[in-house]
Amino acid sequence: MTGPATADRSASEPMATAYDAAATEARLYAEWLERGYFRATADSGREPFCIVIPPPNVTGALHIGHALEHVEHDMVVRRKRMQGYETLWLPGTDHAGIATQVVVERQLAAEGADRHQLGRERFIERVWQWKEQFGGRIVEQMQALGDSCDWSRLRFTMDDGLARAVRVAFVGLYEAGLIYRGERLVNWCPKDTTSLSDSEVEHEDVDGELITFAYELSDGSGEIQVATTRIETMLGDTGVAVHPDDGRYADLVGKTVRHPFTGQDLPIVADAAVDSAFGTGALKITPAHDPVDFEIGQRHDMPLPNILTATAHLSDTVPEEFRGLDRYEARARVFERLEAIGRIRGVERPYPHPVGHCYRCHTEIEPWLSGLQWFVKVDPLKVPAKQAALDGRITFHPDRWLRSYTQWLDDLRDWNISRQLWWGHRIPVWYCLDGHQTAAVEDPDACAACGSPEIEQDPDVLDTWFSSQLWPFSTLGWPEQTDDLAFFYPTSLLITGYEILYLWVARMIMSGLFLTGDVPFRNVVIHGLVRDAQGVKMSKSRGNIIDPLDEIAKAGADALRFGLAYQATEAQNIPFGPEHIDGGRRFANKIWNAARLVLEAYPGGAPELPPLEALTMPERWLLARHQACLEEVDAALDGYRFSEAAQSLHRFFWSEFCDWGLELGKAALRGDDPDERRRAGSVLAWVLERSLRLLHPIMPFVTEEIWRRFGAGDSIVVAPWPEPQPWHHFDEETGLEDAFGVLQDVITTVRRFRSDYDVPAKASLRLAVPPGALQLFVDEFHEPIQRLAGIEAIDVIGDGDAGPSVKLLIGASDLFVRAGHGFDPEAARGRIAKQLADLDRDRERASAKLSNPGFAAKAPPEVRRKQEAELEAMDLRREALTAQLEGLG
């Protein structure tokens, strides 16, 4: 699996005073690749663990959402590798049909050409050229982040093997009667001039208009009013529908209305799909331009006049005065004409309502009859896909997504899979002149039905998600029965964002069950979307985008990775800002500087613990806290709670290891006793080395750079994951936590006293303690107390013999700070009295403002609440200052 170690840092080489990410990360990553640490094989004899990467678009650049997702992947993968699994993280990219075609068409336009001038074959060649030139950029960016993928298995959804898998899947579904061709309403993007599936339509609230107008009854007996947000579609109306139970219109069912522009008579029908509460309760029916209208039109045998072209201009099916108009121009013109003839009955502007938009270009989509399209019949597929989640074969994390998944399947309609593009997997169906269809994996020479050699392939390509749904098994060699497929499938885990739960996850489950007979993965982790620190969606127009590559260049990949991991909660939206990256940078430096201190005193090699009975109480406490951290991290990562793991490690390393373990160990490390130095150095090195292994999945570079200095093995990448020690609960038996808590309480209480009374940090205080348990404890640990609390000396005194002092409460015992030794109680009383006087004046003004009737009547509720909160904070501050003053006597 590995090659010879090269360019390791010597344990004896001095460490720089600060961690240099720029000089470290690229070098280490290149070494990892050279040594083959990320490669996986199907014949290792180990237990398999496999994740496929959600393939980013080949046109894309690494964005902050990718970075979050990839950090979560890598945390899981690196840990599993260290735990001894045969770990495969399989990378790849998606051909991104619409996005890639748009990019290349823009290039052609800049050259004064278009794809139609080139022709299909030459255009496809041009796209492949673009892919070869630019398609590897996102892979380089993933490597800069530190992704530990098996790059020898890099796949692309248009690779030969994956292209064959697409054809086999299509033909299999076609022959099973689950793929059909028909004329149905589709979601049409007028900008990209292609259809979209329901899941590719994003609904956004827009401020539109609700216009009510009247159709006159054909017999002249009155009118019926209808309301619409798209008045231009009335040019394609073929009827009016009312609910069968709506008594307002019972007498009108069966009659007709006359279209004001065409003179056609349109039937009034009764249909239960009509929402009586919307508008007037009467619904104008435009079957070719609305999904509900289409279904009603089908039930009542209404015609399907298509009033729009592929670019959303009015077609030749409408009266001449409207032909050629853009849909928005037509909306205004139709309104003007109806108003001119006295048919407008009401206008509501603005009228907020959801409108479907293309998920790629954000153009408003049109429900449209585009001619014959290909569909997947989903009812037979969604039932087993739902059952697999309900019976536990697939587990969702967090589990709340199970309900969303099953509800979406319940409402799923047939999937439109044909796209009117040139770049992509062309539909493997051929037609002869007699109209026969031949679906085939290999290009046929003749029609399968009549044998005619004059056949032509369908011009459309398949929806990009059709090939992506095969990703967990096509990347492992399916439809061939490869060793990889047998060993690594079903894959172990899928991590992805909630925005493609339906676009991708559900479809992988449906296709995996149908085509392979098994689920594609055992666990699904759904993460939230990264927002800015205020929770606002990131966008170029807002100027709040964080570019991962820029941040890696400035602070290093570890800083970005830790910042993301720390924030990677189970929330649906994850706030993230530069301060989180800076926190990661500072943490990397903290790790580096702590390691410098330990390694200066440690001779190198795999650290070994001295006998437990030889350790001091603080050293035993540090071991206990380390074991607790290990348990917390294991539980968090086993449950895919990434932020919990990161936060536990940060708390332990920064506070417990550095602030207490290292600080308490410094005296021994720098003392004259060689046995004490050796013992303290061994304990700290043992904890540090294991902590580096726990941190490695989040921060791979800085941990590797330090770990190699131990000279304990080839690489931390393949070092074993720490296991609990047999004594890892000894602290519960000895009351260790309570004893160490007393030491912490003494030190932190004195430090807090300094802060409360503005005692300078350099001022050396003197303590006094009465005889008793606390006195014995303080006497035993006088060195760390004096050093860490800045104490000149500790005196033992009789009861009531403290003299001028301030009493500090340590549990149920008293400890006194004596006056005259770095502390002037009279000056402290003066400062506090002044603060109380200033506070009382501020409080009086705030209280008067709240009591003012004018303020109470006019101020917005949030302003009043803010003022009340400020007053409460002042009261709390006053209590604290009063207590301090009383403590001074």
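An account of the accompanying structure is given in this report.

Rules and cut-offs
Residues numbered from 1 in each chain as written. Predicted model: local features only at pLDDT ≥ 70, side-chain atom pairs only at ≥ 80, totals over all residues. Heavy atoms only, no water. Helix = DSSP H or I, 4+ residues; strand = E, 2+ residues; numbered from the N terminus. Buried < 20%, exposed > 50% of the residue type's maximum accessible area, 1.4 Å probe, protein only. Phe/Tyr/Trp six-rings, centres within 6.5 Å; stacked < 30°, edge-to-face > 60°. Contact = heavy atoms within 4.5 Å. Salt bridge = Lys/Arg side-chain N within 4 Å of Asp/Glu carboxyl O.

### Structural notes on unusual backbone geometry
Along the chain, Arg 349 connects to Pro 350 via a cis peptide bond; the corresponding omega equals -10°. As for its position among the elements, Pro 350 is in strand β14 (residues 344–358). A cis amide bond links His 397 to the next residue, Pro 398, at an omega of -10°. At Ala 96, a residue that is not glycine, the phi angle is positive and equals roughly 50°. In this fold, Ala 96 is placed in the loop between β3 (92–93) and α3 (97–110). When its relative accessible area of 1% is taken as the criterion, Ala 96 is described as buried. In this model, Ala 312 sits at a positive phi of 65°, which is unusual for a non-glycine residue.

### Re the packing of aromatic side chains
In total, this model carries 35 aromatic pairs according to the counting rule given. Pairing Tyr 19 with Trp 592 gives two aromatic rings, centres 5.4 Å apart and planes at 45°, and the pair type is tilted. Placement of the pair is Tyr 19 in the segment before α1 (21–35) and Trp 592 in helix α18 (residues 578–601), with a sequence separation of 573 residues. In this structure Trp 592 comes out as buried when scored by relative accessible area, which is 4%. Geometrically, the ring pair formed by Phe 170 and Trp 374 is edge-to-face, given 5.8 Å between the ring centres and 70° between the ring planes.

### Considerations on the side chain of Gln 775
Assignment of secondary structure puts Gln 775 in helix α25 (residues 773–780). Under the relative-accessibility criterion, Gln 775 is labelled buried at 16%. Not counting chain neighbours up to four residues away, the residues in contact with Gln 775 comprise Val 769, Pro 770 and Val 796.

### Some thoughts on the pattern of salt bridges
For the coordinates displayed, the defined rule picks out 55 salt bridges. Across the pair Asp 74 and Arg 78 runs a salt bridge, and its minimum N-O distance is 2.8 Å. Here the residue Asp 74 and the residue Arg 78 both occupy positions in helix α2 (residues 64–82), the gap between them amounting to 4 residues, near one helical turn. Note on accessibility: Asp 74 and Arg 78 belong to one class, buried. Here Glu 689 ties to Arg 693 by a salt bridge, and the two come within 2.8 Å at their closest N and O atoms. Of this pair, Glu 689 and Arg 693 both sit in helix α21 (residues 674–695), 4 residues apart, roughly one helical turn. Of the two residues, Glu 689 and Arg 693, neither departs from the other in class, the shared state being buried.

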